[in-house]
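# Residue-level structural notes
Each chain, written out:
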Amino acid sequence: MLGFFFTEIRQYVRDNMGESGWVEVMDHAGLGPKDYMNGLDYPDKEMVAIMVSAANLSGAPLGHFLKGFGFFLGGHLFNSFKPLINPQWRSLDFFENVEETIHQVVRARNRKARPPQLLCSRITSRELFIDYRSERKLCQLAQGIALGVAGYYGEEIEILEETCMHRGDPSCKIWIALGKKPEIKRVSDDDIWSDD
Ligand code: HEM
């Protein structure tokens, strides 16, 4: 996974648990005092170890931690690609176009980048489905990113995950609708990675 995601999680942990919290997270993850840099690429298993360690030490279920981190990340990702984003778009237009406008560009620019496949189908002007596929199974992070992007637009969204790879489904089908309280419903936040 790209170094950008590591520097972001480091910042998120520092903001919430302080510098000593980050040191402890790295220690519990078995990674020691390692530094991460934006331009480099690091093993996925290190990111998973950091996520699990940070969730455990913060006392939050892993799913809650990932949503919180995704929310933090969403606005930063958005800002980093702002020139590619049509200023006429609102949240749902952005989600509908993120695969072609952003993730495909990311893949083309950096051959090491492996962003997930996000296939969107717009149902109405106020709702859509995102079909999320990635061997990393970070659907909870995707939900947090979606909430962060919607927050950037000043919009409220409701999210419901209808199918999930952690329950053996071939993809995570994430329904997103505008205009309700941003609350995520899911079978269980503790499911994730318990099957791996
Ligand atoms: C401007 C907005 C966005 C940018 C610039 C962006 C870019 C990226 C990049 C660079 C990666 C890392 C790939 C790697 O390290 O191999 C990534 C991963 C990811 N993206 Fe996006 N993305 C954006 C929006 C979104 C949105 C809206 C969602 C979900 C609704 C999303 C879901 C994810 C997830 C969950 C990952 C983690 C890796 C995985 O699941 O395999 N992204 N994205």
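Predicted model, so just to flag it, every value in this text is computed and none were measured. (Residues numbered from 1 in each chain as written. Predicted model: local features only at pLDDT ≥ 70, side-chain atom pairs only at ≥ 80, totals over all residues. Heavy atoms only, no water.)

Attention now goes to the site of the ligand. Every one of the 25 residues lining the ligand counts as a neighbour, but Leu2, His103, Arg114, Tyr132 and Ser134 are closest to it. In the environment of the ligand, an oxygen atom lies 2.6 Å from a nitrogen or oxygen atom belonging to the backbone of Arg114. Between Tyr132 and the ligand, the recorded distance is 2.5 Å, taken from a side-chain N or O atom to an oxygen atom. Looking at the shell around the ligand, the elements with two or more residues in it are helix H3 (62-80), helix H4 (91-109), strand E2 (127-133) and helix H5 (139-152). (Near = heavy atom within 4 Å. Polar contact = N/O pair within 3.5 Å; in protein donor to acceptor, adjacent residues only side chain to side chain. Helix = DSSP H or I, 4+ residues; strand = E, 2+ residues; numbered from the N terminus.)

Before going further, it helps to examine the coordination of the iron atom of the ligand. Counting protein donors around the iron atom of the ligand gives one, His103 (NE2), at 2.1 Å. Relative to the helices and strands, His103 resides in helix H4. (Donors = N, O, S within 2.8 Å, 3.2 Å for Na, K, Ca; no water.)

Right, let's talk about the state of the cysteines for a bit. This structure, assessed with the given rule, holds 0 disulfides. Free of any disulfide, Cys139 has its nearest cysteine sulfur in Cys172, 3.8 Å distant. (Disulfide = S-S within 2.5 Å.)

Let us look at the domain arrangement of the chain. Per the domain assignment, the segments of the chain are domain 1 (3-59) and domain 2 (64-185). Just the C-alpha atoms count here: the centres of domain 1 and domain 2 sit 22 Å apart. Residue-level contacts link 14 residues of domain 1 with 13 residues of domain 2. Counting the surface lost from both domain 1 and domain 2, the interface buries some 1200 Å², and carbon and sulfur atoms represent 76% of this. Counting the surface domain 1 buries against domain 2, the share from its top three residues, Glu8, Tyr12 and Met51, is 44%. One salt bridge in this structure joins Asp44 and Arg136, with 2.9 Å as the shortest N-O distance. Put simply, domain 1 and domain 2 have 3 residue pairs in polar contact (both at pLDDT 80 or more) between them. Examining the composition of the side of domain 1 that touches domain 2, we find that 8 residues originate from one element, helix H1 (residues 3-28), more than from any other. (Domains from an automatic or database assignment. Contact = heavy atoms within 4.5 Å. Buried area = accessible area lost by both parts, 1.4 Å probe. Salt bridge = Lys/Arg side-chain N within 4 Å of Asp/Glu carboxyl O.)

Here we come to the nonpolar core. If you look at the biggest cluster of nonpolar residues, it comprises 55 residues, and the most contacted ones within it are Met51, Phe65, Phe94, Phe95 and Ile176. Residues from two domains meet in this core; each of domain 1 (3-59) and domain 2 (64-185) gives at least three. (Core = buried A, V, L, I, M, F, W, Y, C linked by side-chain atoms within 4.5 Å. Buried < 20%, exposed > 50% of the residue type's maximum accessible area, 1.4 Å probe, protein only.)

Counted at 1.5 Å a residue, the expected span for helix H2 (residues 44-58) with its 15 residues is 21 Å, and the 21 Å between its end C-alpha atoms agrees. Turning to H2, its buried residues number three or more, namely Glu46, Met47, Ile50, Met51, Ser53, Ala54 and Ala55. The secondary structure elements touched by the buried residues of H2 are H1, H3 and H5. Two residues or fewer past H2, Gly59 is found with a positive phi of approximately 80°. (Expected span 1.5 Å × (residues − 1).)

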